[in-house]
Amino acid sequence: REVDLALADLERRGLRGLVLDLRESEGGLMEAAVGVADLFLHGGRVLSAVTRAGTRHWDAAPGTCTDVPVVVLIDSGTASSSEFLAAALKDNGRAVFVGQRTFGKGRIQERLALGEGGLILTTGLHLRPDGTSFDRHADGPDVAGVAPDPGMEVVVGGAEREEWSNRSFLRDAPIAFDGMTGGTARDRVLERGVEVLRRHLRHAPAPAR
């Protein structure tokens, strides 16, 4: 609901393109990820879950923000349901992806209480719309998760990533397209995403009046 309201507000203000930042997003409710993906898609597969009970599929209905160009920012901290959202947009050709490969967590797990501790059991796998697994333990880390588009990888590590990560949680600190205000680090991933979006908009046909 919050994303839907935010998109409606942006559209009232003349939304022409969107950068969706999923970096360091460790996920949340699977249903929320499916719902957000549904806002951006005309239709198509969003997610599948395979368990001993069988396979369940989630498909998108026509959403409310299906034509605006989207660039998605990802990194190794993008995990779980954030990867479900990313893969739904990527496998349906809805967005351009910039950054680094996501973490790769697609297992369905249940926790059983055992005294003061517990036991976590893997009971199934989530699959991308193209039918492949997200999980790094299924096929290996080199094919796990969601990768940036060819030529769109931007590697951020060490002190640069640490400063960005620390500042990204200061929500009252503005983030400028040309870097981080008030800090020494530039947000090179965001800069690249905005560059890609602006290039797309320059070559897009003028909107009908």
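For the structure, check the block above.
Residues numbered from 1 in each chain as written. Predicted model: local features only at pLDDT ≥ 70, side-chain atom pairs only at ≥ 80, totals over all residues. Heavy atoms only, no water.

Asks: Please clarify how the overall build of the protein chain should be interpreted in this entry.
Replies: For the protein chain, the helix and strand inventory stands at six helices and nine strands. In the protein chain, which comprises 209 residues, the share counted as buried stands at 42%. Taking contacts inside the protein chain between residues at least 6 apart in sequence as the whole, the part at least 24 apart equals 68%. Only carbon and sulfur atoms are counted for the fraction: they give 53% of the accessible area of the protein chain, which is about 11900 Å². (Helix = DSSP H or I, 4+ residues; strand = E, 2+ residues; numbered from the N terminus. Buried < 20%, exposed > 50% of the residue type's maximum accessible area, 1.4 Å probe, protein only. Contact = heavy atoms within 4.5 Å. Areas by Shrake-Rupley, 256 points an atom, 1.4 Å probe, with all protein chains shown as cover.)

Asks: Explanation requested: the nonpolar core in the structure shown.
Replies: As a rule of thumb, soluble globular proteins bury nonpolar side chains together. In terms of nonpolar packing, the biggest core is built from 34 residues, with Phe 40, Val 46, Leu 47, Val 72, Leu 85, Leu 89 and Phe 97 touching the most fellow members. The element contributing the most residues to this core is helix 2 (residues 30–40), with seven residues. Core analysis: the second largest hydrophobic core is formed by eleven residues, Leu 73, Met 152, Val 156 and Val 194 among them. (Core = buried A, V, L, I, M, F, W, Y, C linked by side-chain atoms within 4.5 Å.)

Asks: Before we go on, may I ask you to explain the pattern of salt bridges in this structure?
Replies: Once their charged atoms are close, side chains differing in charge can pair, the charge on each being opposite to the other. Scanning the entire structure with this criterion turns up twelve salt bridges. Across the salt bridge formed by Asp 59 and Arg 45, the nearest N and O atoms sit 2.4 Å from each other. Residue Asp 59 is located in strand 3 (residues 54–60), and its partner Arg 45 is located in strand 2 (residues 44–51); the two are separated by 14 residues in the primary sequence. Overall, the relative accessible area of 28% leaves Arg 45 in the partly exposed class. With its nearest N and O atoms 3.4 Å apart, the salt bridge here joins Glu 195 to Arg 199. (Salt bridge = Lys/Arg side-chain N within 4 Å of Asp/Glu carboxyl O.)

Asks: Help me out: how do you make sense of the sheet that holds strand 4 (residues 70–74) in this one?
Replies: Backbone hydrogen bonds are what pair the strands of a sheet, in a parallel or an antiparallel way. With respect to topology, three strands assemble into an open sheet ordered 1-4-5, the strand pairing being parallel. Since the sheet does not close on itself, it has two edges, and those belong to strand 1 (18–21) and strand 5 (95–99), each with one partner. Strand-to-strand twist in this sheet, taken as the mean axis angle between neighbours without regard to direction, amounts to 25 degrees. Note that strand 1 and strand 4 share four bridges and pair parallel. Bridge pairing in strand 4 places Asp 21 opposite Leu 73. Here helix 6 (residues 188–203) sits on the sheet in contact with strand 1, strand 4 and strand 5, set at roughly 165 degrees to strand 4. (Pairing = 2+ DSSP bridges. Axes fitted to C-alpha atoms, helices over the stretch in contact; angles between N-to-C directions.)

Asks: How do you make sense of the packing of helix 1 (residues 2–12) against helix 2 when you look at a structure like this?
Replies: Geometrically, a packed helix pair is captured by the angle between its two axes and the distance between the axes. Between helix 1 and helix 2, whose axes approach to 10 Å, the crossing angle comes to 25 degrees. One element, helix 1, and the other, helix 2, form an angle in the roughly parallel class. Here the hand of the crossing between helix 1 and helix 2 comes out right-handed. Each of Val 3, Asp 4 and Leu 7 in helix 1 lies in contact with helix 2, whose residues at this interface are Val 36, Leu 39 and Phe 40. (Parallel < 35°, antiparallel > 145°, perpendicular 65-115°, else oblique. Left-handed = near helix turned anticlockwise from the far one by under 90°.)

Asks: Mind showing me how you'd approach the sheet that holds strand 2 here?
Replies: Sheet architecture is open: four strands sit in the order 3-2-7-6, paired in antiparallel fashion. Strands with a single pairing partner mark the edges of an open sheet, and in this sheet they are strand 3 and strand 6 (107–114). In this sheet, adjacent strand axes meet at a mean angle of 25 degrees when their direction is disregarded. Strand direction decides the pairing type here: strand 6 and strand 7 (residues 117–127), joined by eight bridges, are antiparallel. Considered in strand 7, the bridge of Arg 107 is made with Leu 125.

Asks: In this structure, what is going on with the environment of Asp 130? I would like to understand it.
Replies: Residue placement: Asp 130 occurs in the loop between strand 7 and helix 4 (136–139). Judged by relative accessible area, which is 46%, Asp 130 ranks as partly exposed. Put simply, Asp 130 and Asn 92 are 38 residues apart on the chain and 8.7 Å apart in space, counted from C-alpha to C-alpha.

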